Amino acid sequence: MSKLQAVRGTQDMIGDAAARYDRVVDEFRAVSRLFGFRPVQVPVFEFTGVFARTLGETSDVVAKEMYSFQDRGGEGLTLRPEFTAGIARAFISAGWQHMAPLRLISHGPVFRYERPQKGRFRQFHQIDAEIIGSAEPAADVDLLAFAALLLDRLGIADGVALKLNTLGDAATRDAWRGALVAHFTANADALSADSRERLARNPLRILDSKAAEDRALIDAAPGIDAFLSSDAGAFFAAVQRGLEASGVAFVRDARLVRGLDYYRHTAFEFTTDRLGAQGTVLAGGRYDGLIGSMAGPDTPAVGWAGGIERLAMLLAPAAEVPIELSLVPADAAMETLGQRLLHLLRGHGIAADMITSGAHGKRYDRARKAGSARALMLQPHDGAIAAVRLRDLHVVEGKTTPVRDRVGRALRTVFRAQDGEIGNAFSWIIHHPD
Ligand code: ATP
Ligand code: MG
């Protein structure tokens, strides 16, 4: 390391970027409560096997993207590249199975060694939702309705489309895989090198290829419908009916597959064309076989993960949450009064600060530049009594205004409850509103 710099593919966020990030997480948590989800935390690192076995040894994530290392005790560990594997591990090893069915959310950093570009980082952040222990199509519908309402509340639903497919059950997949292998083998010469390799290892994943030369062959590949077993077909029909009833718009994409091995039945992606090649903002599906394959009890489950950065990039610029009231003391004695007032105001839920540095005459300006909505001048009045004058920083300069909003109500409550200086100051302000 020659000069001090951030690691490639990591980000520092401040101002608008940090505010957008928070907005995604805040809405995510708020909407999750409407659907009865509860938060969980799982470790940022796990034994490498937790991810390697779960995601599939041939998946891009396991083959190329994991941040794996040995700790000082010689344990092989990996920074989580996604949430589902860790949550499934906890479900089995932490005894969560006794609480099933579970509706869980989590969010935080995930790590993948990828080529950094717009919307693609090496440390990025996900919101994650899982329903574990529900085999009904209604669970898939609820999860998708959760995602759809979240996008709506973030104000980005219009530019984002839900693509939906089924990957069927084991019998369906085997039959479909056979047809795909036949199709791609017959045209192997035209495939990208990566996809020729996938043909041997994991032919379904050719459908997920982003190489331009694969496009035409993917479009011509057989869709899954001709191979759906009647059970798988009925399940998928129920999911689609439920989405229609819930007002969740979707488009069918009979060639949609997901990059990880564990998906069964429902698979989906919310995509946009506003982010260039990194157009998938949220994706997931049903993973009924996963927990059983990790040596847990057979447990049906369905989940999704959304990229916080990609969602945040779609948001309108965030208005900074302003300080509602800046106190501007006229002298040192007023500063002590101000400290008392700050304590009371914050206790009443008002975001408040005090401007204590710089020339007194410039303090209003400083409060305005800092984005405060209002200033409250604290100045001595009639000897011992503090006079309080209120000034709306965004109204005409030099004119004091009575406050009748939330800040005004809090001030009145605070003042009314106080004897002495503050109480006197309050009566002054009500009687001198302008
Ligand atoms: P992609 O096809 O873009 O590589 P993925 O299929 O690998 O995405 P998932 O494993 O489904 O992605 O992860 C869920 C979401 O996380 C994605 O839809 C995307 O929004 C986000 N995401 C995935 N990889 C990155 C990354 N490297 N940087 C930022 N966000 C990412
Ligand atoms: Mg990827």
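Here the structure is a predicted model, which means the values were calculated and not measured. (Residues numbered from 1 in each chain as written. Chains lettered and ligands numbered in written order. Predicted model: local features only at pLDDT ≥ 70, side-chain atom pairs only at ≥ 80, totals over all residues. Heavy atoms only, no water.)

J.: Help me understand the packing of aromatic side chains, please; the structure alone is not making it clear to me.
T.: Each aromatic ring pair is described using two quantities: the centre-to-centre distance and the angle formed by the ring planes. Applying the stated criterion to the full structure yields 8 aromatic pairs. Seen from their ring centres, Phe 37 and Phe 146 are 5.0 Å apart, and the 55° between their planes marks the pair as tilted. Of this pair, Phe 37 sits in the loop between α1 (16–34) and β1 (38–39) while Phe 146 is found in helix α5 (residues 137–153), placing the two residues 109 residues apart along the sequence. By the burial criterion, Phe 37 is buried, and Phe 146 matches it. When the ring of Phe 45 is compared with that of Phe 69, the centres are 6.3 Å apart and the planes differ by 85°; the resulting orientation is edge-to-face. Placement of the pair is Phe 45 in strand β2 (residues 45–47) and Phe 69 in strand β3 (residues 67–70), with a sequence separation of 24 residues. A relative accessible area of 45% means that Phe 45 is categorised as partly exposed. Through a chain of ring-to-ring contacts, the aromatic side chains of Phe 28, Phe 35, Phe 37, Phe 146 and Trp 304 assemble into a single cluster. Directly above the ring of Tyr 113 sits Arg 122, whose terminal nitrogen or CZ lies 3.9 Å from the centroid. (Phe/Tyr/Trp six-rings, centres within 6.5 Å; stacked < 30°, edge-to-face > 60°. Helix = DSSP H or I, 4+ residues; strand = E, 2+ residues; numbered from the N terminus. Buried < 20%, exposed > 50% of the residue type's maximum accessible area, 1.4 Å probe, protein only. Lys NZ or Arg CZ within 6 Å of the ring centre and 35° of its normal.)

J.: Just checking my understanding: could you explain the nonpolar core for this structure?
T.: The tendency in soluble globular proteins is for nonpolar side chains to be buried side by side. Ranked by size, the top nonpolar core spans 46 residues in total, and within it Leu 55, Ile 87, Trp 96, Ile 132, Trp 176, Phe 184 and Leu 207 carry the most contacts. Mapped onto this core, the elements with two or more residues apiece are α2 (48–55), α3 (60–65), α4 (84–93), β5 (102–111), β6 (123–132), α6 (170–186), α8 (215–219) and α10 (290–293). When residues in this core are grouped by element, the largest group, 5 residues, is from α4. With sequence-adjacent residues up to four places away left out, Trp 96 is seen in contact with Val 40, Val 42, Ile 87, Ala 90, Phe 91, Leu 102 and Leu 104. The next biggest cluster of nonpolar side chains, apart from the first, holds 42 residues, and it includes Leu 143, Ala 145, Leu 154 and Val 281. (Core = buried A, V, L, I, M, F, W, Y, C linked by side-chain atoms within 4.5 Å. Contact = heavy atoms within 4.5 Å.)

J.: Explain the pattern of salt bridges to me, please; I cannot follow it from the model alone.
T.: Two side chains that carry opposite charge are able to pair once their charged atoms sit near each other. A full pass over the atoms with the stated rule returns 16 salt bridges. When the shortest N-O distance is used, the salt bridge between Asp 60 and Arg 198 registers 4.0 Å. Of this pair, Asp 60 sits in helix α3 while Arg 198 sits in helix α7 (residues 193–201), placing them 138 residues apart in sequence. Residue Asp 60 is classed as partly exposed on the basis of its relative accessible area of 25%. Take Arg 198: its relative accessible area is 11%, and that puts it in the buried class. Through salt bridges with shared partners, a single network forms among Arg 23, Glu 27 and Arg 153. (Salt bridge = Lys/Arg side-chain N within 4 Å of Asp/Glu carboxyl O.)

J.: Help me understand α6 in this model?
T.: Residues spaced three or four apart along an α-helix face the same direction, because each turn holds 3.6 residues. Under the 1.5 Å per step criterion, the end-to-end length of α6 is 24 Å for 17 residues, consistent within 8% with the ideal 24 Å. Residues of α6 that are buried include every one of Thr 172, Arg 173, Trp 176, Leu 180, His 183 and Phe 184, and no others. Buried residues along α6 cover an arc of 95° about the axis, so they all sit on one side. What points out from α6, more than 90 degrees from its buried face, is the exposed set Ala 171 and Ala 186. On its buried side, α6 packs onto β7 (161–166), α7, α8, α9 (230–245) and β9 (264–271). (Expected span 1.5 Å × (residues − 1). Arc of directions from axis to C-beta.)

J.: In this structure, what is going on with the environment of Arg 196? I would like to understand it.
T.: Among the secondary structure elements, Arg 196 is positioned in helix α7. Residue classification places Arg 196 among the partly exposed residues on the basis of a relative accessible area of 40%. For the pair formed by Arg 196 and Thr 185, sequence separation is 11 residues and the distance between their alpha carbons is 8.6 Å. A distance of 3.5 Å separates a polar side-chain atom of Arg 196 from the backbone oxygen of Ala 188. (Polar contact = N/O pair within 3.5 Å; in protein donor to acceptor, adjacent residues only side chain to side chain.)

J.: Can you help me understand the side chain of Glu 65 in this one?
T.: The residue Glu 65 is located in helix α3 in this model. Buried and unpaired, Glu 65 has Arg 112 as its nearest opposite-charge partner, separated by 4.5 Å. (Lys, Arg positive; Asp, Glu negative; His and termini not counted.)

J.: Can you help me understand the site of ligand 1 in this one?
T.: Taken together, 16 residues lie around ligand 1, and Arg 112, Glu 114, Lys 210, Arg 258 and Thr 280 are the ones closest in. Between ligand 1 and Glu 114 there is a distance of 2.6 Å, counted from a nitrogen atom to a side-chain nitrogen or oxygen. Isolated, ligand 1 exposes 580 Å² of accessible area, and the fraction of that covered by the protein chains is 92%. For the shell around ligand 1, the secondary-structure elements that each account for two or more residues are β6, β10 (280–286) and β11 (301–307). In terms of residues, the shell around ligand 1 owes the most to one element, β10, which gives 4 residues. Considering only residue class, the shell around ligand 1 consists of 6 nonpolar, 4 polar and 6 charged. (Near = heavy atom within 4 Å. Areas by Shrake-Rupley, 256 points an atom, 1.4 Å probe, with all protein chains shown as cover. Nonpolar A, V, L, I, M, F, W, Y, C, P; charged D, E, K, R; others polar.)

Any functional reading would require information that these geometric values do not contain.
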